[in-house]
Amino acid sequence: MPAFDVAIPTPLRSYTGGADRVRVTVTAQPPRLADVLAALDAAHPGIRFRMVDEAGRMRPHVQIFVDARIERDPQAVLAPDAQIMIVGALSGG
Amino acid sequence: MAQRTGSTRIAAPRRVRLLVTTRKGLWTMTSDATRRSWKLAGPQFLGHIVHHAMLDPRDGKTLLAAARTGHLGPTVFRSTDGGRSWKEAVKPPAFAADSGRVVDHTFWLAPGHASQPGVWWAGTSPQGLFRSADGGATWEGVAGFNAHPQRKAWCGGDQDGTPDGPKLHSVLIDPRDALHMYIGMSSGGVFESQDGGADWRPLNQGVRADFQPNPDIEFGHDPHCVRFAGGNPDRLYQQNHCGLFRLDRPATRWQDIGVGMPKSVGYVGFPMVTHPHDEDTAWIFPMDGTDVWPRISPGGKPAAYRTRDGGKSWKRQADGMPKAQAWWTVKRQAMTADAFPTVGVYFGTTSGELWGSRDEGRIWKCLAAHLPHIYSVTVA
């Protein structure tokens, strides 16, 4: 089963016990970004809703980089060794 | 009949605690029964935008706080030990996935009826009504409102409304009947349910809507804050975008109670605070609603105004406040009263000052300064 390293930004580390990087395993084939977010939420309950709204869209000020490219489509298929980085984007004062 | 403190013996609480929510976290202010010496504590949720925090009066120890951050989506935090520790709701308020609607923030928290321990209600921006039956751990949308076929006609689109997003606020539960409720919406108006939220009808007759082509419309109004009169849930007071109004049920037409306000001050503001023991007494905090709507103290001279006759007349209460060059804004949830026999009144400004009066508004004192933008002040 593919596993992915996910970099966690400071605003979300209250969910990961302070960890700045976590590894999640997904079972879906092919693995999609949505599967990683679901696995992340299973391991760290509540984290997904802070990033993805109830309509399934990425929240405006959360960015996810997949292999250093911004990816806003949760259905994007991931390469087997994709590096995932969540970032709190600029959101004013 | 008014329950004036002179004719009804009311026990003084042993202490008073205020929950002060801000754009950057939650603070608490506590005092003993003298209400002369205050202690500020906090912050909790540093960096979170905390729109509202409320104590559950049914158990005296459960607190809920509605929060989000600039980056992250909206959630609700719960404490069952009076605020010492907090846990996030397992399922925060969120619209049905197939509705296409998205909760931007939970704006208003209201404990449910005394006969329904664990029940809480939440109003959101954009306008949505949610209910929890387990003390705020999980929340379900109230389909009777959120999926009502008239909802969009009542409220307009989710992008319409107030600058920080349209809101559902002023969730009022009739203390005599858990099924009888009122809500206020900016925009939308005041609505009433007789069946616990399964169905709703507009209740806006007599309220002006000067910003509408037809100012006498059935709905589409902009109430800023609606409160029950102290000791009389058949009386409602409303601070509206277009004035001050009072409704005495079973009547359905609101009475204009803004005519007694000085013309130089006007009748625009956000909060409405009612006296807990006297149905005829209420406080407002007027703001400039002229020209381009600055929404700050008229002329830079802040003051509360109090009525003791149900809104027929209003008295300026500004002793202790700056006399000039104080350009304050007080939001709709940022003014409240305690339940002492001689009521304490408190308000917070968007410039981060917390003010209080221990004598029903006669003399005011700055209790704290240098806080972030204050969103709400509630007694806990």
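Residues numbered from 1 in each chain as written. Chains lettered and ligands numbered in written order. Predicted model: local features only at pLDDT ≥ 70, side-chain atom pairs only at ≥ 80, totals over all residues.

## Some words on the overall build of chain A
Working step 1: Helix and strand content of chain A: two helices and five strands.
Working step 2: Of the regular secondary structure in chain A, the N- to C-terminal order runs β-β-α-α-β-β-β.
Working step 3: A compact globule built from 93 residues should have a C-alpha radius of gyration of about 12 Å, and chain A, at 12 Å, falls within 12% of that.
Working step 4: Out of the 93 residues belonging to chain A, those deemed buried represent 30%.
Working step 5: Of the contacts made within chain A by residues no fewer than 6 positions apart, 49% connect residues no fewer than 24 positions apart. (Helix = DSSP H or I, 4+ residues; strand = E, 2+ residues; numbered from the N terminus. Rg over C-alpha atoms; globule rule 2.2 N^0.38 Å. Buried ≥ 20, exposed ≤ 12 C-beta atoms within 10 Å, placed from the backbone. Contact = placed C-beta atoms within 7 Å.)

## Details of the sheet that holds strand β26 (residues 354–357) of chain B
Residue and element names in this part refer to chain B.
Working step 1: Read from one edge of the open sheet, four strands run β24-β25-β26-β27, paired in antiparallel fashion. Across the chains shown, the open sheet's two edge strands, defined by having one partner strand only, are β24 (335–337) and β27 (365–368). Pairwise comparison of adjacent strand axes, ignoring direction, gives a mean angle of 25 degrees for this sheet.
Working step 2: Here β26 pairs with β27 via three bridges, running antiparallel. In the strand pairing of β27, Gly356 is matched with Lys365. (Pairing = 2+ DSSP bridges. Axes fitted to C-alpha atoms, helices over the stretch in contact; angles between N-to-C directions.)

## Here's the deal with the interface of chain A and chain B
Working step 1: Listed per partner, the contact involves 15 residues of chain A and 13 residues of chain B.
Working step 2: Of the residues assigned to the side of chain A that touches chain B, the class counts are five nonpolar, six polar and four charged. (Nonpolar A, V, L, I, M, F, W, Y, C, P; charged D, E, K, R; others polar.)

## Digging into the nonpolar core
Working step 1: B:Val20, B:Val50, B:Ala65, B:Leu354 and B:Val377 are the most contacted members of the largest nonpolar core, which totals 96 residues.
Working step 2: In this structure, A:Leu33, A:Phe49, B:Ala94 and B:Phe95 belong to the second largest nonpolar core, which totals 24 residues. (Core = buried A, V, L, I, M, F, W, Y, C linked by C-beta atoms within 7 Å.)

## Comments concerning the sheet that holds strand β5 (residues 63–68) of chain B
Residues and elements named next belong to chain B.
Working step 1: As summarised here, the arrangement of the four strands in space is β4-β5-β6-β7, forming an open sheet in which the pairing is antiparallel. Bordering the open sheet on either side are β4 (49–55) and β7 (87–88), each of which pairs with just one other strand.
Working step 2: Note that strand β6 (residues 75–79) and β7 share two bridges and pair antiparallel. Along β7, the bridge assignment pairs Arg78 with Lys87.

## Section: helix α1 (residues 33–43) of chain A
Working step 1: Buried within α1(A) are the following residues: A:Leu33, A:Asp35, A:Val36, A:Leu37, A:Ala39 and A:Leu40.
Working step 2: Those residues of α1(A) that are buried lie in contact with β1 (3–7), β2 (21–25), α2 (47–51), β3 (62–66) and β5 (84–88) of chain A.

## Quick look at the environment of A:Val77
Residue and element names in this part refer to chain A.
Working step 1: Within the element layout of this structure, Val77 appears in the loop between β4 (69–70) and β5.
Working step 2: Looking at Val77, the number of C-beta atoms within 10 Å reads 14, which means it is partly exposed.
Working step 3: In the structure, Val77 is positioned 47 residues away from Pro30 in sequence and 6.5 Å away in space, judged by C-alpha atoms.
Working step 4: Leaving out residues up to four positions away in the same chain, Val77 has contacts with Pro30 and Arg32.

## A few points about the pairing of β3(A)
Residues and elements named next belong to chain A.
Working step 1: Taken together, the five bridges between β3 and β5 define a ladder with antiparallel strand orientation. Residue Gln63 lies in a different strand from β5, and its bridge partner there is Val87.
Working step 2: Relative to β4, β3 runs antiparallel, the two being bridged by two bridges. Looking at the pairing, Phe65 lines up with Ile70 of β4.
Working step 3: Counted along the chain from β3 to the antiparallel partner β4, the turn is two residues long, and its residue Asp67 has a positive phi close to 50 degrees.

## Considerations on the environment of B:Gly269
All names here are of chain B.
Working step 1: With respect to the secondary-structure elements, Gly269 resides in strand β20 (residues 269–274).
Working step 2: Spatially, the C-alpha atoms of Gly269 and Ala33 are 30 Å apart, while their sequence positions differ by 236 residues.
Working step 3: Gly269 has contacts with Gln239, Ile284, Phe285, Pro286 and Met287, leaving out every residue within four places of it along the chain.

## Regarding unusual backbone geometry
Working step 1: Cis geometry marks the peptide bond from A:Gln29 to A:Pro30; its omega dihedral reads -5 degrees.
Working step 2: As for its position among the elements, A:Pro30 is in the loop between β2 and α1.
Working step 3: In this structure, B:Glu360 takes a positive phi of about 65 degrees despite not being glycine.
Working step 4: Mapped onto the secondary structure, B:Glu360 falls in the loop between β26 and β27.
Working step 5: Judged by C-beta crowding, with 20 C-beta atoms within 10 Å, B:Glu360 ranks as buried.

Any functional reading would require information that these geometric values do not contain.
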